[in-house]
Each structure stands twice: as C-alpha cells, then as structure tokens.
Amino acid sequence: MIKAILVFNNSAKPRLIKFFEYYPEEIQQQIVRETYHLVSKRDENVCNFLEGGSLIGGNDYRLIYRHYATLYFIFCVDSSESELGILDLIQVFVETLDKCFENVCELDLIFHADKVHYILQELCLGGMVLETSMNEIVARIEEQSKLEKQEAGISAAPAKAMTALKEMNLPQKIKDIKLPDLNLNLRF
C-alpha cells in the first residue's frame, strides 16, 4: 500500500504532498525534511529504493523515487508493494503530467495544483493503485475538462441573461406601455 507521495524540487521545496495516513502537520513537515535528506544525498548512479525514514515507518517501509530535472518524485510504500511496479507507476505519473501539460515543469505543479491532484487521484486513491494506463488517465482528464467547460457555460448564463435585460431597456418599455383609462365611480 502507498503511504505517501511527495514531490519536491532540488531546494527541498515541496510541490506536491499527499499522505494516505493521518499525520499531524508538524510530523508531515518532518517527514518531508527527512525524506529530502535521505534522497538528495544519494548519488545519481545508485538504486532508487531505500529504507523508509524513522518517522514514516522505518524498515517496513520503502522510499522509491525518481529524479527528473529539478524534481524528486517519491512514493513511500509498505513492504507489500513491488519496487519495480512503483517505479513504473512513477513513470506513468510523470508521462501523464507531461502529456497533460505539454513538457511539464515545476511551475505547472505550482499553478495547476488542482489538476495535478486530479491526475494523482486517477492514478491512485486511498493508497491503492487504480489505473496504470496513461491513455485511460488522459481520457478521464479530457472528460473532466469538457465537464468544466460545460459548467462554465452554465454558470455564465445568469450574466448573459442580465446583459440581455439591460439591452432591452426595460424602464423605457414600461413607460411606453399604454394602459386604458379606467373610469371607476367609487362611492363610499
């Protein structure tokens, strides 16, 4: 089971943090710092698997990571997960991001955090892997984009209606209405 997904840059600035177990915010920050120190000091030509840090479960957990350009993608998993399978999952995640953002960069993760989280939710939810096909994930993202565009059209309808009312010049039209004279003889 996946316990956490962390993405941070070479300067230890977190760009995506997703924990599938509850940790207080203070502990989460310590986990990010410890994970960064464990991963960043490793040489580029060594294995991408290492034992989890003391804060996130110790020897029963593994940190599986990939370093792309300025970003580290780290998955913290328990011993039941396949290290090679998780490496492949990281590759699918990065390729999906790349396809959705056209040459993904760190700024995409910052300014489109909602879309990145949606992609991640299509990939895994609750620490369980849901989908490993990049094409399926991209298809779901495109469907979501279409729905958002339709909702934008619906939400714009009240504004369009108000504009149409203003263009009708209702106060003048009301003045132009001719009502018949009513001669009523009222007696009290």
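Structural data are supplied above this passage.
Residues numbered from 1 in each chain as written. Predicted model: local features only at pLDDT ≥ 70, side-chain atom pairs only at ≥ 80, totals over all residues. Heavy atoms only, no water.

1. Topic: the pattern of salt bridges
Okay, so step 1: Inspection of every chain in the model, using the stated rule, returns six salt bridges.
Okay, so step 2: Arg140 is paired through a salt bridge with Glu136; the nearest N and O atoms lie 2.8 Å apart. With Arg140 and Glu136 both in helix α5 (residues 134-155) and four residues apart, the pair spans about one turn of that helix.
Okay, so step 3: Residue class for Arg140 comes out partly exposed when judged on its relative accessible area of 28%.
Okay, so step 4: The partner of Arg140 in a salt bridge is Glu143, with the nearest N and O atoms 2.9 Å apart. With Arg140 and Glu143 both in helix α5 and three residues apart, the pair spans about one turn of that helix. (Salt bridge = Lys/Arg side-chain N within 4 Å of Asp/Glu carboxyl O. Helix = DSSP H or I, 4+ residues; strand = E, 2+ residues; numbered from the N terminus. Buried < 20%, exposed > 50% of the residue type's maximum accessible area, 1.4 Å probe, protein only.)

2. Digging into the packing of helix α2 (residues 83-101) against helix α4 (residues 113-123)
For any two helices packed against each other, the geometry is given by the interaxial angle and the distance between the axes.
Okay, so step 1: Running from N to C, α2 and α4 cross one another at 140 degrees; their axes reach a closest spacing of 11 Å. Classified by the angle between their axes, α2 and α4 sit oblique to one another. Of the two possible hands of crossing, α2 and α4 adopt the one that is right-handed. Between α2, through Leu89, Val92, Phe93, Thr96, Leu97, Cys100 and Phe101, and α4, the contact on the second element is made entirely by Lys115, Val116, Ile119, Leu120 and Leu123.
Okay, so step 2: Looking at side-chain class alone, the contact of α2 with α4 contains ten nonpolar, one polar and one charged residues. (Axes fitted to C-alpha atoms, helices over the stretch in contact; angles between N-to-C directions. Parallel < 35°, antiparallel > 145°, perpendicular 65-115°, else oblique. Left-handed = near helix turned anticlockwise from the far one by under 90°. Contact = heavy atoms within 4.5 Å. Nonpolar A, V, L, I, M, F, W, Y, C, P; charged D, E, K, R; others polar.)

3. Observations concerning the nonpolar core
Okay, so step 1: Judged by nonpolar contacts, the single largest core of 29 residues is most densely connected at Ile2, Phe73, Phe75, Ile86, Phe93, Leu97 and Ile119.
Okay, so step 2: Every element with two or more residues in this core is listed here: β1 (2-9), β5 (71-78), α2, α4 and α5.
Okay, so step 3: Of all the elements, α2 adds the most residues to this core, at ten residues.
Okay, so step 4: Those residues in contact with Ile119 that sit more than four places away from it in its chain are Phe93, Thr96, Leu97, Cys100, Phe101, Ile137 and Ile141. (Core = buried A, V, L, I, M, F, W, Y, C linked by side-chain atoms within 4.5 Å.)

4. Things to note about the pairing of β1
Okay, so step 1: With respect to burial, β1 is a largely interior element, eight of its eight residues being buried.
Okay, so step 2: Across seven bridges, β1 lies against β5 in antiparallel orientation. Bridging from a neighbouring strand, Val7 pairs with Phe73 of β5.
Okay, so step 3: Alignment of β1 against strand β2 (residues 14-19), held across five bridges, turns out to be antiparallel. Bridge pairing links Phe8 to Pro14 in β2.
Okay, so step 4: The turn joining β1 and β2, which pair antiparallel and follow one another in sequence, is formed by four residues; a positive phi near 70 degrees is taken by Ala12. (Pairing = 2+ DSSP bridges.)

5. Concerning the pairing of β5
Every regular strand shows the same layout, with side chains that alternate between the two sheet faces.
Okay, so step 1: In terms of residue burial, β5 counts as a mostly covered element, since eight of its eight residues are buried.
Okay, so step 2: Side-chain alternation along β5 places Leu71, Phe73, Phe75 and Val77 on one buried face and Tyr72, Ile74, Cys76 and Asp78 on a second face that is also buried.
Okay, so step 3: When strand β4 (residues 61-68) meets β5, the two strands line up antiparallel, connected through eight bridges. Considered in β5, the bridge of Arg62 is made with Val77.

6. Comments concerning the sheet that holds β5
Okay, so step 1: Pairing is antiparallel across the open sheet formed by five strands, whose spatial order is β2-β1-β5-β4-β3. Across the chains shown, the open sheet's two edge strands, defined by having one partner strand only, are β2 and β3 (49-51). Averaged over neighbouring strand pairs, the angle between their axes works out to 20 degrees when direction is ignored.
Okay, so step 2: Contacting β1, β2, β3, β4 and β5, α2 runs over the sheet at an angle of about 35 degrees to β4.

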